[in-house]
Amino acid sequence: MNPCVFIIFSLLFLLLVTATASQLVAVGEGGDDTNGVMKKCLDTERQALLLFKAPLHDPDERLSTWTADEHDCCKWSGVTCNNQTGHVTGHDINGYWLEGEISHSLLNLTYLTFGNLSSLQQLSLSYMGRCRFENIEWLSHLSHLEELVISGISLAKQNHWVDVVLSLRKLSHLSLNGCELSQVMYPYSSSFLNSSSSSSIVDLTLRDNNLTSSMYRWLFPLTSNKLRFLHLSGNILDGIPKYLGNLCSLEDLEFSNNSALVQFPDFLNNLSGCTSLALKEFFAYGSQFTGSLSNVIQKFSSLEWLDLSHNHLNGSISDKLWELPSLEFIYLSFNNLTVPSTYHLSGLSYVKEIDLRSCKLLGTGFPKWIQTLKNLRYLDLSNTGISDTIPLEFWYMWPSQLQYLNLSSNNISGKLPDLLSNFAKYSEIDLSSNSFFGLVPNVSFTLTILNLSRNKFSGGISFICQIVDGILYFLDLSHNSFNGQLPDCLWDFKNLTVLNLGHNNLFGRLPPSIGSLIQLEVLYLYKNNFYGELPLSLKNCTSLISLNLGANKFSGNVPVWIGENLSGLYVLILRSNNFIGTIPLQLFQLSSLQILDLSMNNLNGMIQWQGDEQEFFSTLKLVKSIDLSRNNLTGQIPYEITNPYDLIALNFSMNALSGEIPQHIGEMKNLLTLDLSRNNLSGRIPSSMSQMTLLNDLDLSFNNLSGKIPTSTQLQSFQPSRYNGNARLCGPPLTKSCPGDEESKVPPLIGKGEGDGEEWGWFYIGGGMGFATGFWIACGALLLNRRGRHAFFQFYDSFKDWVYVKVVVFISSLQKARQT
């Protein structure tokens, strides 16, 4: 039996139990219950449920209560019984995500079949695992069905499914999302074309089916003037037919994430019948619309919501758009559209949300028409080319009304006024990447996001203490000139997940209240002047996944609790501080760690890993980059370091490491950068390094390495300076030859016997004569054949140019890779 069948059972068990308790008593076994005591489920039905469970895969253990030890199946999860007869009357496993075969034992649950299925009005079968329908003819018997939802279940084998749908005369809501409809060979029968059936569907959803425009032939009878909602997102539609422009009741059209190119003016023209008068919401984000936002838009007089973001529209936005009398939501971001700086905007008084991100405003001034939008609550003008100061009155236009303001990635200058008044609860402010300067005054205490990064702000950051409601979850003040200490008012920031104060002039010790940030995932304090030991309270921030405290003046030992308490870390950067002592072994137990940077400190002792080789591989298998350079580390490079095969960068330079380079280092085939320079390493360069074909940055200079540099494409491609300072190292790319290299240039005649000299003599004579003969035949032909001579040298010149371009491009790309 097909795995999808269980979905039908689960829903029908839930919805189709129509028999009354008295009826069940009349037909049930042991129905007499004169004492009024609740009956337990019958053994035959309990066994049927156990047989149903047996072949199923239950990853979430949702059927864990279904055990032979529990004799009363009425207590099992999802099972409903009649409290008089004990018969199983209901079975709800909706959302259990079971997979596998459906046992025929369910047929033994006779009291689930129920009533006459012709009374069923709603049927929802959605995302129940990888399964498909073998047959849907049974749907045609559900004559009262009004709502049918099938999502994520394949209908690829269901020929003539359109005929079945049309037979359901009362069907008003049909949703077939992700049903692989594009794979159906014959969606309708031959009699379908002559059918005069009229659909009663009001809401039709066909998302994520990879449908092409050939679907419009069978879509036609499914669409009538009753249709109000049509959802075609996630397909490959290259346009829309004109008959969809004649749907006089269509209010909502979704055409998002369609991957075929569509000319938007043509699209609008095909919709410009009576559909244009009814349409209220049009969603087409993430599609492939090209062309302009033309004047045809004026025909859509009922439009309230327009989302054309993330398309390829170009040209100037039609003035007619701003004249639509009901428009409230405008999303045009990430197009190549231009927005005139002046408009007659009397028609936009209803606008609540407008998103023009990455469109281009004509002129550099701040658009004055924004201030006519009295009902605005969402404004995104980021990356629109504004180079101006903001009029002061702008900040007081929408008292306690704005929920979202994004002016980032422009060149807006000036000082910020008081930001208390404009913003509603749970609001977001992003003013990053501009030229704002001066002090930050009062800010709204109800913010959830505040991003002032990459500006020229100065002064202290005590203003953050005004955000006291505990709903702030993102705070970025990086790349400014803030100074002073981090105030000890972080107790209320229970929901903060990102705190970025990097690239400022902040100083002092980290306050104890930082340990109250129990939801913090990212702490970025890079390049400030914080000092002292890390506060012990920081170990309470167990949700941290990225901790960057580099380029400060922190001191003391690297805390052991980082490896013990912050087990979810995948980025740990403590570089360029004053940490001392040995590296805690606990750091190498961070199983999610991908970037470890302890460089430029005063760490000492031997590099060592805890546990055996297998343990090391299992804990650091995700690591991508290790930088321990510029410390005072001693001892040998542990051979276990070669185990993380996904490592792409390794830097142990400027330490006091000794011994040999691990022989199996060449097994790190994904390594892009390796720097072991300025240590006391000795011995030969391992021959396995010739296998490191992806290596684009290598530095082994200033060690005590000896012997010949292994021959490979990569190792000889680096500058000789990458091997300098190793007096006994030889071979290319160094100019110093290795012993025996001179002799090897002329291979010795091995096994020379009597008479061999004469044979070799004839070989050289014959070879010389053959070369001379071939040379003059070719050159003679070129000298005598004018057309051939021109063709040859033209080919030679073009080939020479081709080789030159390829070499230059290769060298350029190699240099860029080394620089990055």
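Model, not experiment: these values are computed from the prediction. (Residues numbered from 1 in each chain as written. Predicted model: local features only at pLDDT ≥ 70, side-chain atom pairs only at ≥ 80, totals over all residues. Heavy atoms only, no water.)

Inspection of every chain in the model, using the stated rule, returns four cavities of 30 Å³ or more. In this structure, the largest cavity occupies an estimated 60 Å³ of space. The wall of the largest cavity is formed by Ile136, Leu139, Leu148, Ile150, Leu155, Trp161, Val164, Val165, Leu174 and Leu176. Of all the elements in the fold, those that place two or more residues in the lining of the largest cavity are strand E6 (147-151) and helix H4 (161-166). With three residues, the single largest contributor to the lining of the largest cavity is H4. The class makeup of the residues in the lining of the largest cavity is 10 nonpolar, no polar and no charged. (1 Å grid on protein atoms, 1.4 Å probe; cavity = no way out; pocket = protein on both sides within 12 Å on 5 of 7 lines; lining within 4 Å. Points joined across faces, edges and corners; volume = space filled by probe spheres on them. Helix = DSSP H or I, 4+ residues; strand = E, 2+ residues; numbered from the N terminus. Nonpolar A, V, L, I, M, F, W, Y, C, P; charged D, E, K, R; others polar.)

Next up on the list: the sheet that holds strand E11 (residues 261-263). The strand order across the open sheet formed by five strands is E11-E13-E15-E17-E19, and the pairing between neighbours is parallel. In the strand order of this sheet, the two ends are held by E11 and strand E19 (360-361), each with one partner. Here strand E13 (residues 288-291) runs beside strand E15 (residues 312-316); their pairing, made up of two bridges, is parallel. Paired with Thr290 across the strands is His312, a residue of E15. (Pairing = 2+ DSSP bridges.)

So, about the nonpolar core. Of all hydrophobic cores here, the largest spans 183 residues; its most connected members are Phe282, Leu321 and Leu332. Counting residues per element, this core draws most heavily on H4, which supplies five residues. If near-sequence neighbours (up to four positions away) are discounted, Leu332 is found in contact with Leu293, Leu306, Leu308, Ser309, Ile317, Leu321, Leu337, Asp355, Leu356 and Cys359. (Core = buried A, V, L, I, M, F, W, Y, C linked by side-chain atoms within 4.5 Å. Buried < 20%, exposed > 50% of the residue type's maximum accessible area, 1.4 Å probe, protein only. Contact = heavy atoms within 4.5 Å.)

Taken as a whole, this structure holds 24 aromatic pairs when the rule is applied. Between Trp66 and Trp76 the ring centres are 5.5 Å apart and the planes differ by 25 degrees, which places this aromatic pair in the stacked class. You can see Trp66 sitting in the loop between strand E1 (56-57) and strand E2 (79-81) and its partner Trp76 sitting in the loop between E1 and E2, a full 10 residues away along the chain. In terms of burial, Trp66 and Trp76 fall into one category: buried. An angle of 5 degrees between the planes, with centres 6.2 Å apart, marks the rings of Phe436 and Phe457 as stacked. Of the two residues, Phe436 sits in strand E24 (residues 435-438) while Phe457 sits in strand E26 (residues 456-459), which places them 21 residues apart along the sequence. The pair formed by Phe436 and Phe457 is uniform in burial state, with each residue classed as buried. Through a chain of ring-to-ring contacts, three or more aromatic side chains come together here, namely Phe283, Trp305, Phe329, Tyr331, Tyr378 and Tyr404. (Phe/Tyr/Trp six-rings, centres within 6.5 Å; stacked < 30°, edge-to-face > 60°.)

As a further point, take the pattern of salt bridges. Summed over the entire model, instances satisfying the criterion amount to nine salt bridges. A salt bridge links Arg377 to Glu353; its shortest N-O distance comes to 3.2 Å. Pair noted here: Arg377 is in the loop between E19 and strand E20 (378-380) and Glu353 is in strand E18 (residues 353-355), with a separation of 24 residues, a long-range link. The buried category is assigned to Glu353, whose relative accessible area is 11%. What you see here is one network of salt bridges that share partners, running through Arg575, Asp597 and Asp627. (Salt bridge = Lys/Arg side-chain N within 4 Å of Asp/Glu carboxyl O.)

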